[in-house]
Amino acid sequence: MAVPARRSSKTKRLKRQSGKGLTAPKLSFSNKFNEYHRSHHMTEQEYLERKGKK
């Protein structure tokens, strides 16, 4: 296993991790239910509708 010869500084570590920030989820609008939902996920109403059918 590779081990660094010298300790990395806080600045170098933070610069390397700077791109890991949080992003907002992508939202889509459902015309059928007039609701926003996460892409490729069901709306709450759609979930309840499908759950009631079974």
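Residues numbered from 1 in each chain as written. Predicted model: local features only at pLDDT ≥ 70, side-chain atom pairs only at ≥ 80, totals over all residues. Heavy atoms only, no water.

Going by what an unreviewed UniProt entry lists, the chain is known as Large ribosomal subunit protein bL32 and is assigned to Vagococcus vulneris. Under the UniProt heading Sequence similarities (unreviewed entry), the note attached to the chain is "Belongs to the bacterial ribosomal protein bL32 family." (UniProt positions renumbered as here; feature names shortened; annotations may be inferred.)

Asker: What am I meant to see in a nonpolar patch on the surface here?
Answerer: A surface patch of nonpolar side chains, about 360 Å² in accessible area, is lined by Leu27, Phe29 and Tyr36. If you trace the backbone, tyrosine 36 turns up in strand E2 (residues 35-38). By relative accessible area, which is 60% here, tyrosine 36 ends up exposed. (Patch = residues over 30% accessible without salt bridge, like charges linked within 9 Å, V, L, I, M, F, W, Y side chains within 5 Å. Areas by Shrake-Rupley, 256 points an atom, 1.4 Å probe, with all protein chains shown as cover. Salt bridge = Lys/Arg side-chain N within 4 Å of Asp/Glu carboxyl O. Helix = DSSP H or I, 4+ residues; strand = E, 2+ residues; numbered from the N terminus. Buried < 20%, exposed > 50% of the residue type's maximum accessible area, 1.4 Å probe, protein only.)

Asker: Hey, could you run me through the packing of aromatic side chains in this one?
Answerer: Given two aromatic rings, one states the distance between the centres and the angle between the planes to describe the pair. Inspection of every chain in the model, using the stated rule, returns one aromatic pair. Consider the rings of phenylalanine 29 and tyrosine 36, whose centres lie 4.9 Å apart with planes at 65 degrees: the pair is edge-to-face. What makes phenylalanine 29 partly exposed here is its relative accessible area of 40%. (Phe/Tyr/Trp six-rings, centres within 6.5 Å; stacked < 30°, edge-to-face > 60°.)

Asker: Which parts of the structure should I look at to understand the pairing of strand E1 (residues 27-30)?
Answerer: A regular strand carries its side chains on alternate faces of the sheet. Pairing geometry for E1 and E2, over four bridges, is antiparallel. Looking at E2, one finds that phenylalanine 29 is bridged to tyrosine 36. Linkage of E1 to E2, two consecutive antiparallel strands, is achieved through a turn of four residues, within which asparagine 34 is found at a positive phi near 55 degrees. (Pairing = 2+ DSSP bridges.)

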